[in-house]
Amino acid sequence: MLTATVALSLNTWAYDVNPIITAMPALTIAPDAHGAGMGDIGAATTADMNSQFWNAAKYPFIEDKGGISASYTPWLRKLVNDIDLAYLAGFYRFDDKQAISASFTYFSMGKVSLVSANMVDPSADYVYAEAKPNEWSLDVAYSRKLHEYVSMAATLRFMYSDLNNGINYSGSGGESKEMYPAWTFAADVSLYYRQPIELPMGTSHFGLGFILSNLGGKMSYDKNVTSNFIPARMRLGVSYEIPFDNYNRLMASVECDRLLVPSTYSVYTEDKENYKWNTVDQQEYSKVSSPKGWWQSFNDAPGGAKEEFNEMRWGVGLEYSYNRQFFGRVGYSHENKMKGNRRYVTLGAGFKLSIVRFDVAYCIATAASNPLDQTMRFTLGFDLAGIKDLVNNKR
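Values in this document were obtained by computation on a predicted structure and should not be read as measured data. (Residues numbered from 1 in each chain as written. Predicted model: local features only at pLDDT ≥ 70, side-chain atom pairs only at ≥ 80, totals over all residues. Heavy atoms only, no water.)

Caption draft 1: Structural view of empty space enclosed by the protein. Taken as a whole and assessed by the stated rule, the structure comprises 7 cavities of 30 Å³ or more. Empty space within the largest cavity amounts to approximately 180 Å³. What lines the largest cavity is a set of 17 residues, among which Leu27, Phe53, Arg157, Asp188 and Asn214 lie closest to the centre. Within the residue set of the lining of the largest cavity, elements represented by two or more residues are helix 3 (51-54), strand 3 (98-108), strand 6 (134-145), strand 9 (202-216) and strand 10 (233-243). Partitioned by chemical class, the residues of the lining of the largest cavity number 6 nonpolar, 6 polar and 5 charged. (1 Å grid on protein atoms, 1.4 Å probe; cavity = no way out; pocket = protein on both sides within 12 Å on 5 of 7 lines; lining within 4 Å. Points joined across faces, edges and corners; volume = space filled by probe spheres on them. Helix = DSSP H or I, 4+ residues; strand = E, 2+ residues; numbered from the N terminus. Nonpolar A, V, L, I, M, F, W, Y, C, P; charged D, E, K, R; others polar.)

Caption draft 2: Representation of unusual backbone geometry in the model. The phi dihedral of Met24 is positive, around 50°, even though this residue is not glycine. You can see Met24 is positioned in the loop between helix 1 (2-11) and helix 2 (33-37). For Asn323, which is not a glycine, the phi torsion comes out positive at approximately 60°. Assignment of secondary structure puts Asn323 in the loop between strand 14 (313-322) and strand 15 (326-334).

Caption draft 3: Representation of the side chain of His34 in the model. Its place among the elements puts His34 in helix 2. Under the relative-accessibility criterion, His34 is labelled buried at 5%. Apart from the residues within four sequence positions on either side, His34 is in contact with Thr46, Asp48, Glu319, Arg329, Arg357 and Asp359. (Buried < 20%, exposed > 50% of the residue type's maximum accessible area, 1.4 Å probe, protein only. Contact = heavy atoms within 4.5 Å.)

Caption draft 4: Quick peek at the pairing of strand 3. In terms of strand pairing, strand 2 (residues 84-93) meets strand 3 through 10 bridges, oriented antiparallel. Bridging across to strand 3, Arg93 finds its partner in Ala99. Between strand 2 and the antiparallel strand that follows it, strand 3, lie 4 residues. (Pairing = 2+ DSSP bridges.)

Caption draft 5: Summary view of the packing of aromatic side chains. For the coordinates displayed, the defined rule picks out 16 aromatic pairs. With centroids separated by 5.8 Å and ring planes inclined at 20°, the aromatic side chains of Tyr247 and Tyr322 adopt a geometry described as stacked. Placement of the pair is Tyr247 in the loop between strand 10 and strand 11 (248-259) and Tyr322 in strand 14, with a sequence separation of 75 residues. Of the residues examined, Tyr322 reaches a relative accessible area of 37% and is grouped as partly exposed. Three or more aromatic residues link up through ring pairs in this structure, and these residues are Phe104, Trp136, Phe158, Tyr160, Trp183 and Phe185. Between Lys218 and the ring centre of Phe229, over which it is positioned, the NZ or CZ distance is 4.3 Å. For the cation-ring pair, Lys218 lies above Tyr285, with the distance from its terminal atom to the ring centre recorded as 5.9 Å. (Phe/Tyr/Trp six-rings, centres within 6.5 Å; stacked < 30°, edge-to-face > 60°. Lys NZ or Arg CZ within 6 Å of the ring centre and 35° of its normal.)

Caption draft 6: Quick peek at a nonpolar patch on the surface. On the surface, Tyr92, Phe94, Ile100, Val140, Tyr142, Leu156, Trp183 and Phe185 cluster together into a nonpolar patch covering about 790 Å² of accessible area. For the nonpolar patch, the secondary structure elements donating two or more residues are strand 6 and strand 8 (182-199). Accessibility expressed as a relative area gives 36% for Ile100, which makes it partly exposed. (Patch = residues over 30% accessible without salt bridge, like charges linked within 9 Å, V, L, I, M, F, W, Y side chains within 5 Å. Areas by Shrake-Rupley, 256 points an atom, 1.4 Å probe, with all protein chains shown as cover. Salt bridge = Lys/Arg side-chain N within 4 Å of Asp/Glu carboxyl O.)

Caption draft 7: Region of the structure containing the side chain of Ser143. With respect to the helices and strands, the residue Ser143 is situated in strand 6. Once you skip the residues sitting within four places of it in the chain, Ser143 turns out to touch Ala56, Ala57, Tyr59, Pro60, Lys97, Gln98, Ala99, Met152 and Ala153.

Caption draft 8: Focus on the pattern of salt bridges. Following the criterion strictly, the structure yields 20 salt bridges and no others. Measuring nitrogen to oxygen at the nearest pair gives 2.8 Å for the salt bridge that ties Asp257 to Arg313. Taken together, the positions of Asp257 in strand 11 and Arg313 in strand 14 put the pair 56 residues apart, joining distant regions of the chain. By relative accessible area, which is 4% here, Asp257 ends up buried. Here Glu311 makes a salt bridge to Arg258, at a shortest N to O gap of 2.6 Å.

Caption draft 9: Quick peek at the layout of surface pockets. In this structure, the second largest pocket spans a volume of roughly 570 Å³. Considering the residues around the second largest pocket, the lining is formed by 25 residues, among which Thr46, Ala47, Glu63, Arg194 and Arg324 are closest to the centre. A total of 3 residues in the lining of the second largest pocket trace back to one element, the largest contributor, which is strand 11.

This is the structure:
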C-alpha cells in the first residue's frame, strides 16, 4: 500500500520532477534552531550542544564541559496542525581531546486515516482505521582530536519507523498488502578541522567539516518483500569566523550536501512534446544493496551529470555574535526544483546567559507553494557544568 501510494504521487507530479525517495525522510530535517537559522547548515560552524546532528567531531572543540538541549519544531503548520519534530541532544567532554555525545529524534506524523487499497467504488468510504504514524532514532557518538586542529567522530544509530501502528486491512474484495514497523542500524563518520588565525583585531578561525551520515541497512515495511533506502548523506562545509574587536564577531559558512541514494521512479524529456519514462521496478530496486546504492547514486540520474549536480542542496549562512552571548543569524537554502524545490531564507536569534542558552529560527519560503514557509524551531540548552557549580555554591 505504501509503495503504491508513493508511485501514484510521483506519477501525478509534473514531468520534470524527480525527487529521491527514502524511508525516514525526517532524518534530513534540521532539528535545532542554531543550524536552521543559518540556512540549515552546521558541518563546519562552531561547536554547540546540537553538533550531534551536524558533525559530532566538533565536540572536542566546544568550550563547555557538558550540556544538554531540547529542540521542538511544529512541522508543516500551513498544511496540518498535528505534525511535530522533537530533538534531544547531550554531550560530555572528558578532557581537551575527547568527548561522548548522544541524541534522540522523534517525529510524529499526527493522526491519519487508513484507507483500503482495494477500492471498487471510489465514492464509498473505505477508511477502516486511524493510526498515529511515528518515527524515531537514537544514536551515540565518540569524538577525539587527532591533532591540535583536527578531530574525528564515529556515531552508531538505531532507526525505527511505524507507519500504521500494526493495523492492517483484512477485508474481502481483493488482495491486501500488510505493513509492519521497520528498523535498522546506521553509522556516521565525520571529520572537523578548526584552525586559529591571528589577526590585528583578534583571533579568527577557519573551519572545515565533512560527514558521511546514515550509512546502514535498508528498511522494509513488508518483511523484506521490498525494501527502502534510508537517507544516507554526504555533507561538506567551510566556515570562517572573524573578530571585529573584543566583543563583535561574524561567522560565514557555505555548505553542500547530497543524498547517497539511487534514483527510483525517474522521468526525463527529450523535447517539449515527447516525454520518456524510466521507471525502476520496485522488486529490482529492492535487490540493490546499501553499499552498491551509495556508489550508484553518483551516476544513475536519467538526466546525466547535470541532474547529478542538481541533486546537491546548497546552503549559506551568517552569524553575528556580541560577546559570545547574543546572536543574530540569517541564511539561505537552495534545492533544485527537480529534486523538491525547497528554497527558503532563514532568520535566527539566540542568547547565552550563565547556564542557559535559547535559540529560535524562522523560515521564509522563496519558492511558490512551499510547505516549509513560516516554519519555526525552538531550542533550549543547559550547561551542565554551570548547573553543578550553581548547586555547589548554594551548599
